[in-house]
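Per-entry structural report
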Amino acid sequence: MEKKLKVLLFNGSPNEFGCTYTALKEIADTLKEEGVDSTIFHVGKEAVTSCMACGACTKLGKCVVNDKVNEFVELAQDYDGYVIGSPVHYASSSGATVAFMDRAFYSASRSGKKIFPHKVGCAIARARRAGTTATIDQLNKYFTINQMVMVSGRYWNMVHGKTPDEVRQDIEGMQNMRFLARNLAWTLKCIEAGKT
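Residues numbered from 1 in each chain as written. Predicted model: local features only at pLDDT ≥ 70, side-chain atom pairs only at ≥ 80, totals over all residues. Heavy atoms only, no water.

1. As for the environment of Gln 77
Defined as follows: Where helices and strands are cited, they refer to DSSP runs of H or I of at least four residues and of E of at least two residues respectively, numbered from the N terminus. Each residue's exposure class comes from its accessible area (1.4 Å probe, protein chains only) as a fraction of the maximum for that residue type: buried when under 20%, exposed when over 50%, partly exposed otherwise. Any two residues having at least one pair of non-hydrogen atoms within 4.5 Å are treated as being in contact. Here a polar contact is taken to be a pair of N or O atoms separated by no more than 3.5 Å, where protein atoms must pair a possible hydrogen donor with a possible acceptor and residues adjacent in sequence count only if both atoms sit in side chains.
Structurally, the position occupied by Gln 77 is in the loop between helix H3 (68–76) and strand E3 (81–89). With a relative accessible area of 33%, Gln 77 lands in the partly exposed category. The spacing of Gln 77 and Arg 128 is 51 residues in sequence and 33 Å in space, taken between C-alpha atoms. With sequence-adjacent residues up to four places away left out, Gln 77 is seen in contact with Lys 113, Ile 115 and Lys 119. In this structure the side chain of Gln 77 is engaged in a polar contact, spanning 3.2 Å, whose partner is the side chain of Glu 74.

2. Details of the side chain of Asn 176
Structurally, Asn 176 is set in helix H7 (residues 171–194). When sequence neighbours within four positions are dropped, the list of residues in contact with Asn 176 reads Gly 153, Arg 154, Tyr 155, Trp 156 and Asn 157.

3. Structural notes on unusual backbone geometry
One non-glycine residue, Tyr 90, adopts positive backbone phi at about 55°. The residue Tyr 90 is located in the loop between E3 and strand E4 (92–93) in this model. Located in the positive-phi region is His 118, a residue other than glycine, with phi close to 70°. Residue position: His 118 is located in the loop between helix H4 (95–110) and strand E5 (120–127).

4. Observations concerning the packing of aromatic side chains
Keep this limit in mind: Aromatic rings from Phe, Tyr and Trp, with only the six-membered ring used for Trp, were paired whenever their centres fell within 6.5 Å, and each pair was classed as stacked if the ring planes differed by under 30 degrees, edge-to-face if by over 60, and tilted otherwise. For a lysine, the NZ atom is tested; for an arginine, the CZ atom; a charge sits over a ring if that atom is within 6 Å of the ring centre and within 35 degrees of the ring normal.
This structure, assessed with the given rule, holds eleven aromatic pairs. Arranged with centres 6.4 Å apart and planes meeting at 20°, the rings of Phe 10 and Phe 41 form a pair that is stacked. Here Phe 41 lies in strand E2 (residues 37–42) and Phe 10 lies in strand E1 (residues 6–11), a separation of 31 residues in the sequence. Across the pair, exposure class does not vary: Phe 10 and Phe 41 are buried alike. Judged by centre distance (5.7 Å) and plane angle (80°), the rings of Phe 10 and Phe 72 are edge-to-face. Taken together, the positions of Phe 10 in strand E1 and Phe 72 in helix H3 put the pair 62 residues apart, joining distant regions of the chain. The same class applies to Phe 10 and to Phe 72, which are both buried. What links up through ring pairs into an aromatic cluster is the set Phe 10, Phe 41, Phe 72 and Phe 100. The ring centre of Phe 41 lies 5.3 Å from the NZ or CZ of Lys 68, which sits over that ring.

5. Remarks on empty space enclosed by the protein
With a probe scaled to a water molecule rolled over the atoms, the places where space remains empty come into view. Note the following rule: Within this scheme a cavity is a closed region of a 1 Å grid, computed over the protein atoms alone, that accommodates a 1.4 Å probe without allowing it to escape, whereas a pocket is open but has protein on both sides within 12 Å along at least five of seven lines; lining residues each have an atom within 4 Å of a point. Grid points are joined across faces, edges and corners, and a volume is the space filled by probe spheres set on the points. Asp, Glu, Lys and Arg are counted as charged, while Ala, Val, Leu, Ile, Met, Phe, Trp, Tyr, Cys and Pro are counted as nonpolar; the rest, among them Gly, fall into the polar class.
Scanning all chains against the criterion turns up two cavities of 30 Å³ or more. Approximately 110 Å³ is the volume attributed to the largest cavity. Taken together, 14 residues line the largest cavity, and the ones lying closest to its centre are Cys 51, Met 52, Cys 54, Cys 57 and Cys 63. For the lining of the largest cavity, the secondary structure elements donating two or more residues are helix H2 (56–60) and H4. Looking at the lining of the largest cavity residue by residue, the class counts come to ten nonpolar, three polar and one charged.

And the structure:
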């Protein structure tokens, strides 16, 4: 029986169904058309503690702070690919996204869990106007540091708009979300085919 491929999409916006979600939903819908399942994980509105560099994750097998980061890392083990989506706040990723991903990737690697290496990842950014390329560059480093396969669309992985309706009106940006999803599905299928 053929394995069902799955992608975990991270929404780093405090607004669960806002602009970042709108872009991620476009990716999720396109992945479904390509036969790939997906789940959108929302960071939420609660404060995210940054990494304390305590090293406890090495002994505990998870982050010492018991919050949604540990939930995400547990969930991530069952996925083949990941999309990190963040709004642009002050020309870079949202603070919640950075604090969350620092702890998620660090604790997963330090705990000995081989969750992210050699899996597929990509980042998307949403802005009203500027700061998207800096945000994407910042998020891509999680993938490169963790030896992951990075996927692109056919342009920068960004959408523009102040509201979900404005994001949907960004025809080129939304089109690139679909290209990104198709490229992600294709890459996952190629990797899976290579295992047989």
